[in-house]
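Coordinates in review
Okay, here's what each chain looks like letter by letter:
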Amino acid sequence: MAKTTRFYVGGCRSGKSRLAEGWVASSASSPTYIATLQAGGDAEMEERIRMHRQSRGQGWHLVEEPLEVAEVLTANPHASDLILIDCLTLWLTNLLMARRTNEEVEAQVAKLCLAIRQSEVSLVLVANEVGLGIVPESGLARRFRDLAGWTNQQVAMVCDEVFFVAAGLPLTLKRP
């Protein structure tokens, strides 16, 4: 398989992760899953993580990294032939909860985009599309929405293929 970068973006529970994981499972012999979610002591979220791990099955290397995604991607600790990052929106949430400024977030996104461009292995990235709803009431929520939209735009620019997912169906937005 020639090196490619795919980006799946869609609403919550749209099927984007399922599609991304399915493509990776059918395309890679030794995939790595970079998970950005932190349960933070939330029992329901811990159960979701457990079920997510179980649904992937065997054969995946797992790296749980809430903040330093570009560094893990660059290191490729398992020498994988394909890396899946799920989810960039949760990664952004982690950066905001770590009290990173907009400039620090933008620098992290720039590092990630550089790592995507320089990667020697194929990549699949997943993120939520948060710009289809109403304007949030709080400043933090508007900041999150704005940074998420901007981040998705930056990542889409450096990926070969971009898919918008709704109701489990991918709509191709970009192809080489």
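This section reports on the structure supplied with the text. Owing to the predicted nature of the structure, the values given are computational and were not obtained by experimental measurement.

This part is about the packing of helix H5 (residues 102-118) against helix H6 (residues 139-158). In contact at an axis separation of 10 Å, H5 and H6 are set at 20° when each is read in the N-to-C sense. Taken as axis vectors, H5 and H6 run roughly parallel relative to one another. For the pair H5 and H6, the crossing hand works out as right-handed. Counting all contacts with H5, which are made through Asn102, Val105, Glu106, Val109, Leu112, Cys113, Ile116 and Arg117, the residues of H6 involved are Arg143, Leu147, Trp150, Thr151, Gln154, Val155 and Val158.

One pass over the structure, following the stated rule, counts two aromatic pairs. Judged by centre distance (5.1 Å) and plane angle (25°), the ring pair of tyrosine 8 and phenylalanine 163 falls under stacked. Of this pair, tyrosine 8 sits in strand S1 (residues 5-10) while phenylalanine 163 is found in strand S6 (residues 161-166), placing the two residues 155 residues apart along the sequence. Centroid distance tyrosine 33 to tryptophan 60: 5.9 Å. Interplanar angle 70°. Geometry classified as edge-to-face. Here tryptophan 60 lies in the loop between helix H2 (43-56) and strand S3 (61-64) and tyrosine 33 lies in strand S2 (residues 31-35), a separation of 27 residues in the sequence.

All right, on to the sheet that holds strand S4 (residues 82-86) then. Spatially, seven strands are ordered S3-S2-S4-S5-S1-S6-S7 in an open sheet, and the strand pairing comes out mixed. Each end of this open sheet is capped by a strand with a single partner; those strands are S3 and strand S7 (169-174). In this sheet, neighbouring strand axes are inclined to one another by 20° on average, regardless of whether the strands run parallel or antiparallel. In terms of strand pairing, S2 meets S3 through four bridges, oriented parallel. Looking at S3, one finds that alanine 35 is bridged to glutamate 64. Against the sheet, helix H4 (residues 88-97) engages S1, S4 and strand S5 (122-128), with an angle of about 65° to S5.

A word on the state of the cysteines. Enumeration over the complete set of coordinates arrives at zero disulfides. Cysteine 87 provides the cysteine sulfur closest to cysteine 12, a residue in no disulfide bond, and the two sulfurs are 8.0 Å apart. For cysteine 12, a relative accessible area of 66% corresponds to the exposed category. For the unlinked cysteine cysteine 113, the closest cysteine sulfur is that of cysteine 159, found at 7.8 Å. For cysteine 113, a relative accessible area of 6% corresponds to the buried category.

Thresholds, definitions, all that
Residues numbered from 1 in each chain as written. Predicted model: local features only at pLDDT ≥ 70, side-chain atom pairs only at ≥ 80, totals over all residues. Heavy atoms only, no water. Axes fitted to C-alpha atoms, helices over the stretch in contact; angles between N-to-C directions. Helix = DSSP H or I, 4+ residues; strand = E, 2+ residues; numbered from the N terminus. Parallel < 35°, antiparallel > 145°, perpendicular 65-115°, else oblique. Left-handed = near helix turned anticlockwise from the far one by under 90°. Contact = heavy atoms within 4.5 Å. Phe/Tyr/Trp six-rings, centres within 6.5 Å; stacked < 30°, edge-to-face > 60°. Pairing = 2+ DSSP bridges. Disulfide = S-S within 2.5 Å. Buried < 20%, exposed > 50% of the residue type's maximum accessible area, 1.4 Å probe, protein only.

Geometric descriptors of this kind do not, in isolation, establish any biological role.
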